[in-house]
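Listed below, chain by chain, are the residues.
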Amino acid sequence: MPDQPKWNSQLYDDKHSFVWKLAAGVLELLEPKPGEHILDLGCGTGHLTSKIAEAGAHVFGVDRSPEMIAQAREQYPTLRFEVMDALDLTLEETFDAVFSNATLHWIHEPERVITAIAKLLKPGGRFVAEFGGKGNTNELLKAIHRAWRNLALPGAPPRPWYYPTIPEYSGLLEKHGIEVTYAILFDRPTPLDDGERGLRNWLDMFGAAFSGSLPDPVREQFKEVIERELRPALYNNGHWTMDYRRLRISGKRV
Ligand code: BEZ
């Protein structure tokens, strides 16, 4: 995973609530049951963790961001949360299910996290996840390249996200003893909050992964160029819509 800046958990909750509000489908696929032990990997500010708990499961939320975990603990003081990197899942316990929403596209070493998940699952345990799949934020990635060239920045822009195909990710899961039972790759154009400011909020929240290394004035310019480049494709009637494409996948530990 590339170096991550501090997460702005307030901006995340205020302007990017779609991250958990649009997760009903993957939660349904999880089907949490009373008494089950479930790990929520990349739990952010804990909203989905709390939904899983509402179903009667014992849920444990982990996230690599201390800011996110602090906010999760504040909002859901009765639930269990811990700061933990998905690449360093050092837990003794095992789970009936490992759940993950909007996290795995940040992880460029998928086999490392899949190996860890497989170890954490009881035999028959479920892995249920949704994240950016092949083609996710394609317009944005093209705009990043154009902006990089336009500003004559050195080298190539960073590639902050891992967006696999179904066969690619299924193959890795199967290789590590997780039998794939369901997989779908689907377009989910996502309206951003806050009208004209929507894309800027998104870039402030998530864009440090590709612009964080630029000096301040260049970074601002970079965001302006991206905004200009993306406007024809993603701005309509006063609203920005991000071209998300989700990979939703589930499997069973054999
Ligand atoms: C996503 O949810 O697809 C996503 C979020 C932040 C950066 C890139 C992708």
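Description of the structure in this document. Every chain is numbered on its own, with residues counted from 1 as its sequence reads. Given that this is a predicted model, residues contribute local features only at a pLDDT of at least 70 and side-chain atom pairs are listed and counted only at 80 or more, while totals for whole chains, interfaces and linings are drawn from all residues. Side-chain metrics in this entry use all non-hydrogen atoms of the structure; hydrogen atoms and water are not considered.

Remarks on the site of the ligand
Right, on to step 1. The ligand sits among His105, Trp106, Asn136, Trp161, Tyr163, Trp202, Phe206, Tyr244 and Arg246.
Right, on to step 2. Asn136 is positioned with one of its side-chain polar atoms (N or O) 2.7 Å from an oxygen atom of the ligand.
Right, on to step 3. The term polar contact refers here to a pair of N or O atoms within 3.5 Å; inside protein, the definition further demands a hydrogen-donor-capable atom paired with an acceptor-capable atom, and it admits residues adjacent in sequence only when both atoms are side-chain atoms. For the ligand, an oxygen atom lies 2.6 Å from a polar atom in the side chain of Arg246.
Right, on to step 4. All accessible-area figures derive from a Shrake-Rupley calculation using a 1.4 Å probe, and residue coverage is judged against the displayed protein chains alone. Considered on its own, the ligand offers 260 Å² of accessible surface; in the complex 97% of this is hidden by protein.
Right, on to step 5. In terms of residue class, the shell around the ligand is made up of 6 nonpolar, 2 polar and 1 charged. Here a residue is near a molecule or strand as soon as one of its heavy atoms is found within 4 Å of it. Note on residue classes: Ala, Val, Leu, Ile, Met, Phe, Trp, Tyr, Cys and Pro are nonpolar, Asp, Glu, Lys and Arg are charged, and everything else, Gly too, is polar.

A look at the pattern of salt bridges
Pairing between side chains of opposite charge can happen when the charged atoms of each approach one another.
Right, on to step 1. For this document, the term salt bridge refers to a Lys or Arg side-chain nitrogen within 4 Å of an Asp or Glu carboxyl oxygen. Under the criterion given, the structure shown has 21 salt bridges.
Right, on to step 2. A salt bridge links Arg73 to Glu82, with the shortest nitrogen-to-oxygen separation between them at 3.3 Å.
Right, on to step 3. On the basis of relative accessible area, Glu82 is assigned to the partly exposed category, the value being 34%.
Right, on to step 4. Here Arg245 ties to Asp187 by a salt bridge, and the two come within 2.8 Å at their closest N and O atoms. Pair noted here: Arg245 is in strand β10 (residues 245–253) and Asp187 is in strand β6 (residues 178–187), with a separation of 58 residues, a long-range link.
Right, on to step 5. The rule is simple: take the accessible area with a 1.4 Å probe, protein chains only, and divide by the maximum for that residue type; under 20% is buried, over 50% is exposed, in between is partly exposed. Given the relative accessible area of 55%, Asp187 is considered exposed.
Right, on to step 6. Put simply, Arg197, Arg200, Asp204, Glu220, Lys223 and Glu227 are held in one network by salt bridges that share partners. Helix and strand definitions here come from DSSP, where helices need a minimum of 4 consecutive H or I residues and strands a minimum of 2 consecutive E residues; each element is numbered from the N-terminal end.

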